[in-house]
Structure formats: C-alpha cells, structure tokens
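Residue-level listing of the chains:
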Amino acid sequence: RHGFEKVDYRDKADFYVLNTCSVTDNADKEACKLIRQAKRRNPDSAVAVIGCYAQLKPNEIAEMDGVDIVLGAEEKFNLLDHLDAIDLKGKVKVIQSEIDHVHTFIPSYSAGERTRSFLKIQDGCDYSCSFCTIPLARGKSRSDTVENTMKTAREVAKTDTREIVLTGVNIGDFGKGTSETFYDLIQQLSTLEGIDRIRISSIEPNLLTDEIIEFCASSEKFMPHFHIPLQSGSNKILSTMRRRYKQELYENRVTKIKSAIPDCCIGVDVIVGFPGETDDDFLDTYNFLNDLDVSYLHVFTYSERLNTEAFEMGETVQKEKREIGRAHV
C-alpha cells in the first residue's frame, strides 16, 4: 500500500529496518553488528532502527555510521510514514518520546512461520526487577480486551496456521486494571475454531495460578508446556533481584503442574553471577534446580544495564566467574 516491496534479508535492499532488543549487552552489540552488515550489503541504503535499544539509547545509535533514522517505542509503528522522507545526506533523524507517554496496545501476530503464529496479547511491565530495563523500554503493562484479542486470534485462524503461541512482556498480567484476566482469555481461546494447538510462552510463577494450570490440564487445545522464569534458587538473591516470589512458591508451582500434567514440559530461566551472589548462593540455585522436575534451562550470565538498581550495586561477580557458573548450571 505504501509502494514498498519486502525482500529476503540476504538480498540487497534500499531500506533496512532493524527491530532491536536490549535485554542484555550482547543484544546491543548484535544490533550494532547488523547495522554495519546492512551498509556493507548496500552502501547507498537507508537504515532505520526501532525497538527497545532505540528507545533506551537513541543518541548512541544515531552516532553510528550508516544509521539514518531512529524511532522510539511510540513512533515505531509509524515507520512507513517516515521512510520516504529519509535524507541520506542529512542529519540522522531521532524521534523518541518518554516511555510514560506510551499507553496504547493493539493485538498483533506474526506471519510466515509456516504452521505457527506468535500472537502478541500484552506489552509492557509494571514489575521493578532490579536488573531489568524492560519497563524503561516498553512502558506500563497494557493489553486489549478479550473480545478484541479474540478478533485478532480469529484472523490467525483464517490462515494456514495450526498453532498459536501467546506472547508478550508479562502475559500473566493480561487485563490488569480491568475486570478481565489472563484466565478469562485462555478460556475464550480454547473455543477458537481452526487452530489445533495453543501454547503459553513465558509466564511469571506468581501469576501462574492453580486455575490456569488446571484449565490447561483439562484442555485438548492448550499444550502441556510452561516456561517459568526462576532467575535464582537463592531466596537472598531473589529478594535482591526484587522478584515477587520465593523458591518455595516456585517449587509449589512445579509440583502443582506435575501433579495435574505428569508429562508436562517445563522450561526455566536462570541468571548467574548477580551482584552479591556468593558461592553458597550459587549452590542454592544449583541444588534447587537439581531437585526440580523440569525439562530444560535457559541460563544467562548477569549483564549490567544502565539505569537499573543492580547496576549501582557493589560486590560484582567477575565476568569469568559468571561464565564458569553458567557452564556448570
């Protein structure tokens, strides 16, 4: 509709749009690498950078060779309105507003994944974990109504998609500030015709209620799969991280799942080398994980992020020791 044609990433393009992540330092570095890569493919191309890195550090990105426009969280959906106006010989254009100004949310879904589609039901986060920049990059927790989310889900069902994956920043928070809940949504989604499987992506342990677990256990459509962030098996570190649960609650959630769905696949996120983490704290996590009936781990070394509480903490763990810990977990 705007006169553009989408081409394969490996093909030469006139415009490159990089939707960036910034959850770790490595994500920032990867974005920088891709910007350089785009300009090597076509030195005369225009490069637009959007996403979390663009919201958090727009001026840093604007100083990179090859970048033409940087759009923050509120403006990124208006990208097509800006592409034609890019001046390759002019000053880099930066449009970024305070994240507190971002309040809208419209459900959306991915295409071109063959038989699977990612349905985004929520954005933003109201949690204040001491290591995380997501609230600064994505704003307050927000979602649409169950009715409007179902309308988008029915659009997915009209395609060749057979499986929907529910995604967002903190999907268990769906409906916050309204009378609707994530449980209400999955009840409605279970009636969706034309989709064989629905999968819940990452969900916080304190938001994974008994009724959600029991509903998924009885559902033929919802997959026996939960991905539940743990981050640390040490209550001391969980408190320093400002997580909203202790290891006892996490263990209770796993026990409940396995009781209701014995063959359920459970995935776990873990951060190693958090500031102040001692060998004993690490062993608490290691032993806790050994005793848990879980299926797989995503283990990350702690990454310093500016403007977070953890960044200001002393007692940092040497990066080499973080990597050793990651390998041992």
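*Asks:* Looking at this structure, I do not really get the sheet that holds strand S9 (residues 163-167). What am I missing?
*Replies:* Whether parallel or antiparallel, the strands of a sheet pair through hydrogen bonds between backbone atoms. Read from one edge to the other, the open sheet built from four strands follows the order S5-S6-S9-S10, with strand pairing classed as mixed. Looking at which strands have only one partner, the edges of the open sheet turn out to be strand S5 (108-109) and strand S10 (197-200). Looking at chain direction, strand S6 (residues 116-120) and S9 are connected through five bridges and run parallel. Residue pairing for S9: Leu 119 is matched across the bridge by Leu 166.

*Asks:* What is the right way to read the packing of aromatic side chains from this model?
*Replies:* Geometrically, a pair of aromatic rings is defined through the distance of the ring centres and the angle of the planes. All chains considered together, the criterion is met by eight aromatic pairs. Between Tyr 245 and Tyr 250 the ring centres are 6.4 Å apart and the planes differ by 40°, which places this aromatic pair in the tilted class. We classify Tyr 250 as buried; its relative accessible area is 1%. Linked through ring pairs, Phe 131, Phe 274 and Tyr 302 together constitute an aromatic cluster.

*Asks:* How do you make sense of the environment of Leu 306 when you look at a structure like this?
*Replies:* Structurally, Leu 306 is set in the loop between strand S13 (296-301) and helix H12 (319-328). For Leu 306, a relative accessible area of 48% gives the class partly exposed. The spatial distance from the C-alpha of Leu 306 to the C-alpha of Cys 132 is 9.4 Å, given a sequence separation of 174 residues.

*Asks:* Help me understand unusual backbone geometry in this model?
*Replies:* Glycine aside, residues mostly have negative phi angles, and peptide bonds mostly take the trans form. Backbone geometry at Gln 231 places phi at a positive 75°, although glycine is not the residue there. When you line up the elements, Gln 231 lands in strand S11 (residues 225-231). Note on Gln 231: relative accessible area 9%, which makes it buried. Residue Glu 315 is not a glycine yet carries a positive backbone phi of 55°.

*Asks:* How should I be thinking about the nonpolar core in this particular structure?
*Replies:* Most often, soluble globular proteins have nonpolar side chains that are buried together. Ranked by size, the top nonpolar core spans 46 residues in total, and within it Leu 166, Phe 182, Ile 200, Ile 212, Phe 222, Phe 226 and Tyr 250 carry the most contacts. Once residues lying within four places of it in the same chain are set aside, the contact partners of Phe 222 are Leu 166, Ile 186, Leu 189, Ser 190, Ile 198, Ile 200, Phe 215 and Cys 216. With 16 residues, the next largest nonpolar core counts Ile 35, Tyr 53, Ala 62 and Val 67 among its residues.

Conventions adopted
Residues numbered from 1 in each chain as written. Predicted model: local features only at pLDDT ≥ 70, side-chain atom pairs only at ≥ 80, totals over all residues. Heavy atoms only, no water. Pairing = 2+ DSSP bridges. Helix = DSSP H or I, 4+ residues; strand = E, 2+ residues; numbered from the N terminus. Phe/Tyr/Trp six-rings, centres within 6.5 Å; stacked < 30°, edge-to-face > 60°. Buried < 20%, exposed > 50% of the residue type's maximum accessible area, 1.4 Å probe, protein only. Core = buried A, V, L, I, M, F, W, Y, C linked by side-chain atoms within 4.5 Å. Contact = heavy atoms within 4.5 Å.

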